[in-house]
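Listed below are the residues making up each chain.
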Amino acid sequence: MDVPVPVDFFSCFLTDDSDSNDNLWLVIAILIQPLFSGEERTAAELELANVCSSVTLAGADYCWREFLPKGATRNHVAAWVRRRDIGSFPPLAMVVIGGFDPLKDRHVNYVELLPLLTLANSLGT
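Residues numbered from 1 in each chain as written. Predicted model: local features only at pLDDT ≥ 70, side-chain atom pairs only at ≥ 80, totals over all residues. Heavy atoms only, no water.

For the protein chain, the name recorded in an unreviewed UniProt entry is Alpha/beta hydrolase fold-3 domain-containing protein, with Eragrostis curvula as its organism.

**Student:** Help me understand the pattern of salt bridges in this model?
**Tutor:** Side chains that differ in charge, positive against negative, can pair when their charged atoms come close. On inspection of all chains with the given rule, the structure shows 4 salt bridges. The salt bridge involving E39 is made with R74; its shortest N-O contact spans 3.8 Å. Of the two residues, E39 sits in the loop between strand 1 (29–32) and helix 1 (43–47) while R74 sits in the loop between helix 2 (57–67) and strand 2 (93–96), which places them 35 residues apart along the sequence. Assessed through its relative accessible area of 14%, R74 is described here as buried. With a shortest N-O distance of 2.5 Å, R41 and D61 are connected by a salt bridge. Within this pair, whereas R41 is found in the loop between strand 1 and helix 1, its partner D61 is found in helix 2, the two being separated by 20 residues in sequence. Connected through salt bridges with shared partners, the residues E39, R41, D61 and R74 form a single ionic network. (Salt bridge = Lys/Arg side-chain N within 4 Å of Asp/Glu carboxyl O. Helix = DSSP H or I, 4+ residues; strand = E, 2+ residues; numbered from the N terminus. Buried < 20%, exposed > 50% of the residue type's maximum accessible area, 1.4 Å probe, protein only.)

**Student:** So what exactly am I meant to see when it comes to a nonpolar patch on the surface here?
**Tutor:** Taken together, the side chains of I30, I32 and V96 present a nonpolar region at the surface, about 250 Å² in accessible area. Position of I30 among the secondary structure elements: in strand 1. (Patch = residues over 30% accessible without salt bridge, like charges linked within 9 Å, V, L, I, M, F, W, Y side chains within 5 Å. Areas by Shrake-Rupley, 256 points an atom, 1.4 Å probe, with all protein chains shown as cover.)

**Student:** Quick question: what am I supposed to make of the packing of aromatic side chains here?
**Tutor:** Ring pairs (aromatic) are described by centroid distance and by the angle formed between their planes. Counted according to the given criterion, the structure contains 2 aromatic pairs. Between W64 and F67, the aromatic rings sit 5.6 Å apart at their centres with planes inclined by 70°, giving edge-to-face as the arrangement. One end of the pair is W64 and the other is F67, both in helix 2 and 3 residues apart, which spans about a single turn. For F67, a relative accessible area of 57% translates into the label exposed. (Phe/Tyr/Trp six-rings, centres within 6.5 Å; stacked < 30°, edge-to-face > 60°.)

Encoded structure:
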């Protein structure tokens, strides 16, 4: 691959479409306003609960009730990212966080856990 200018590949996110034969694969998760949750409400959830009509707590709670196993709460491992669960997530991620998203504190929590995942992977745990 010819690169006419210096490129820091550690600062790049590359994507590809399936129409090309020149595929470059990069193992990375690109999370655009991911849907994380938990039973205890965060400051952003309380402050922004009804600011945006397209992303509401009631709507997110409905999605979780439909998705999670019967009887599970939003503290289920599929909804709530905790330090003890981080080992099952991709080590490289770009997380897009919306300013008026009531779930943004959950996204920030995930971003704060990413260095722990990278360390765990480098130690082979």
